[in-house]
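Listed below, chain by chain, are the residues.
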Amino acid sequence: MTESTAARKPRRSAGSKAAGTTGTKAAGTTGSKAGTGAKRTTRTTSTTRNAAQGSETELVQLLTPEGERVETAENSPYAEYAAYVADITPDELRGLYRDMVLTRRFDAEATALQRQGELGLWASLLGQEAAQIGSGRATREDDYVFPTYREHGVAWCRGVDPTNLLGMFRGVNNGGWDPNSNNFHLYTIVIGSQALHATGYAMGITKDGADSGVIAYFGDGASSQGDVSEAFNFAAVYNAPVVFFCQNNQWAISESNEKQTRVPLYQRAQGFGFPGVRVDGNDVLASLAVTRWALDRARRGEGPALIEAYTYRMGAHTTSDDPSRYRHDDERVAWEAKDPILRLRRFLESANHADEGFFAELEAESEALGKRVREVVRAMPDPDRFAIFENVYADGHALVDEERAQFAAYQASFADAEGV
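Residues numbered from 1 in each chain as written. Predicted model: local features only at pLDDT ≥ 70, side-chain atom pairs only at ≥ 80, totals over all residues. Heavy atoms only, no water.

Caption draft 1: Broad picture of the overall build of the protein chain. Regarding its fold elements, the protein chain presents 17 helices and nine strands. Burial statistics for the protein chain: of 420 residues in total, 53% are counted as buried. Once local pairs closer than 6 in sequence are excluded, the contacts in the protein chain between residues at least 24 apart make up 75%. With the model as given, the accessible surface of the protein chain reaches about 18100 Å², and the carbon-plus-sulfur share is 49%. (Helix = DSSP H or I, 4+ residues; strand = E, 2+ residues; numbered from the N terminus. Buried < 20%, exposed > 50% of the residue type's maximum accessible area, 1.4 Å probe, protein only. Contact = heavy atoms within 4.5 Å. Areas by Shrake-Rupley, 256 points an atom, 1.4 Å probe, with all protein chains shown as cover.)

Pasting the structure below:
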């Protein structure tokens, strides 16, 4: 099984849960319905420091690193977000935890396979599970997702078999799945270009009269690309139903966030005329709530929004990267204390929403997933070496025919060498 038992419920429109309830009214039920039995704090937000300016920036947080539900006051500006998870059930919470655990297990297996020579490259999501699972579960089936190359958790939420993600990294295909089967586009390697693709698709949805939403994922480094700024401008001018989801994991390969921007990334939306929100990207509930809010307003025709998920890349940028060359271990250790999976586990245990039997069963399922991934990857057949020439032109072309012949001669030379 590749999807949470709570998968379909979070994917349902947030409006169906919260549209008939004002943020003030719903926020008053947050603690009683979803935080039963847990120790709560009276904080409404957390803050992060922007090193470039020395200022503090508000951070939407609904679950603290200690696993405590944040009690959102009725007059808090964050009550509107909290309303979107006010009636989340224990079963849904366990589903979110399961999603994060299995996604991390798959990611770890893919990293190991690359180290063993089974994959050419891998981009790990370690540490970013809450941002991806929370936002992924906020989507509806008819929404469309445009990922980069690290959204393994979002792919999981969209029902893409995780083994299908590995074909491109093994070099046996150019993607591995039909994007229209799950409304999940193929991975995009070109940095930032998918923001324009998502905006164009969202503009098309508007012309079709549909009420679906579109979400585009990119990193903090991609936010410096011209394509992203162009997408922001087009989306704003045409009021496109698109959510821009920036996973700010603090590092664009080896370039720190402080060297990329003078203002918090979410504030860039102001210059284009649409709202921006910074959310605790290690808080799966906050990520779920804020993304539901953004997609809900997009579907209602209220235009784009930018979400900056403030998180951390615990591992390397890709398996060809060595993060020890540009960042200190104490930084990683500090972020480990904010681990998104440990955070939700603490809450589940303190609220008596999960017992040891649940965690043990999930551990067994996790190991079974790792074994299946290994077996499937190693059994992937090599592609037809000449298939690349077949679909360049519909009716063939003399130059392609010549290149095919040259390639065939090159391949034959290896057989000749072996026969010597």
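From this point, the narrative continues.
Caption draft 2: Fine view of a nonpolar patch on the surface. Together, Phe234, Val237 and Tyr238 make up an exposed nonpolar region whose accessible area comes to about 330 Å². Structurally, the position occupied by Phe234 is in helix H12 (residues 226-237). Given the relative accessible area of 41%, Phe234 is considered partly exposed. (Patch = residues over 30% accessible without salt bridge, like charges linked within 9 Å, V, L, I, M, F, W, Y side chains within 5 Å. Salt bridge = Lys/Arg side-chain N within 4 Å of Asp/Glu carboxyl O.)

Caption draft 3: Here's a closer look at the sheet that holds strand E4 (residues 214-219). Read across the open sheet, the five strands follow the order E3-E4-E5-E9-E8; overall the sheet is parallel. The open sheet has two free edges, formed respectively by strand E3 (144-146) and strand E8 (276-280), since each of these has just one partner strand. Adjacent strand axes in the sheet meet at a mean angle of 20°, parallel and antiparallel pairs treated alike. In the sheet, E3 pairs with E4 via three bridges, with the strands oriented parallel. Residue pairing for E4: Phe146 is matched across the bridge by Ala216. Sheet strands touched by H12: E4, strand E5 (242-248) and strand E9 (305-310). Its angle to E5, the strand with the most contacts, is close to 150°. Sheet contacts for helix H13 (residues 284-299): E4, E5, E8 and E9; angle to E8, the most-contacted strand, approximately 160°. (Pairing = 2+ DSSP bridges. Axes fitted to C-alpha atoms, helices over the stretch in contact; angles between N-to-C directions.)

Caption draft 4: Geometry of the side chain of Gln250. Looking at the secondary structure, you find Gln250 in the loop between E5 and strand E6 (251-252). Since its relative accessible area comes to 9%, Gln250 is described here as buried. One polar contact links the side chain of Gln250 to the main-chain carbonyl oxygen of Thr311, over a distance of 3.0 Å. Contacts of Gln250, omitting those with residues within four sequence positions, involve Asp220, Glu255, Ser256, Asn257, Tyr310, Thr311, Tyr312 and Trp335. (Polar contact = N/O pair within 3.5 Å; in protein donor to acceptor, adjacent residues only side chain to side chain.)

Caption draft 5: Main features of the nonpolar core. One finds Tyr97, Leu166 and Leu344 to be the most contacted residues of the largest nonpolar core, which totals 70 residues. Not counting the four nearest positions on each side in its chain, Tyr97 is found in contact with Ile341, Leu344, Arg345, Leu348, Phe358, Phe359 and Leu362. Ranked by size, the runner-up nonpolar core spans 22 residues in total, among them Phe146, Ala222, Ala231 and Leu265. (Core = buried A, V, L, I, M, F, W, Y, C linked by side-chain atoms within 4.5 Å.)

Caption draft 6: Structural view of the packing of aromatic side chains. All chains considered together, the criterion is met by 28 aromatic pairs. Of the aromatic side chains, those joined through ring pairs into one cluster are Phe106, Trp122, Phe169, Trp177, Phe184 and Tyr187. Over the aromatic face of Trp335 sits the side chain of Lys338, whose NZ or CZ is 4.2 Å from the ring centroid. (Phe/Tyr/Trp six-rings, centres within 6.5 Å; stacked < 30°, edge-to-face > 60°. Lys NZ or Arg CZ within 6 Å of the ring centre and 35° of its normal.)

Caption draft 7: Summary view of the packing of helix H6 (residues 90-115) against H13. One can describe the packing of H6 onto H13 by two numbers: an axis separation of 11 Å at closest approach and a directional angle of 105°. The angle between the axes of H6 and H13 places the two elements in the roughly perpendicular class. Judged by residue contacts, Leu93, Leu96 and Met100 of H6 engage Val284, Leu285 and Leu288 from H13. Here the contact of H6 with H13 is built from residues that sort into six nonpolar, no polar and no charged. (Parallel < 35°, antiparallel > 145°, perpendicular 65-115°, else oblique. Nonpolar A, V, L, I, M, F, W, Y, C, P; charged D, E, K, R; others polar.)

Caption draft 8: Region of interest: H12. In this model, H12 (12 residues) spans 17 Å end to end at C-alpha, consistent with the 16 Å of a helix rising 1.5 Å per residue. Burial in H12 covers these residues: Val228, Ala231, Phe232 and Ala235. Taken end-on, H12 shows its buried residues confined to a sector of 100°, consistent with a single buried face. In the core, the buried residues of H12 are packed alongside helix H11 (193-208), E4, E5 and E9. Just beyond H12, the residue with positive phi is Asn239, at close to 50°. (Expected span 1.5 Å × (residues − 1). Arc of directions from axis to C-beta.)

Caption draft 9: Summary view of helix H16 (residues 356-378). Its 23 residues place the ends of H16 34 Å apart at the C-alpha level, agreeing with the 33 Å of an ideal helix rising 1.5 Å per residue. Where H16 is concerned, the buried positions are Phe358, Phe359, Leu362, Ser366, Leu369, Gly370, Val373 and Val377. Against H6, helix H8 (152-157), helix H9 (166-170) and helix H15 (340-350) lie the buried residues of H16. Of the residues that open H16, the one with a side-chain oxygen 3.2 Å from the backbone nitrogen of Gly357 is Asp355.

Caption draft 10: Layout of the pairing of E9. Judged by how many residues are buried, E9 sits mostly within the fold: six of six residues are covered. Residues Ala305, Ile307 and Ala309 point to one face of E9 and Leu306, Glu308 and Tyr310 to the other, with burial holding for every one of them. As defined by bridge partners, E5 adjoins E9 across six bridges and the pair is classed as parallel. Along E9, the bridge assignment pairs Val243 with Ala305.

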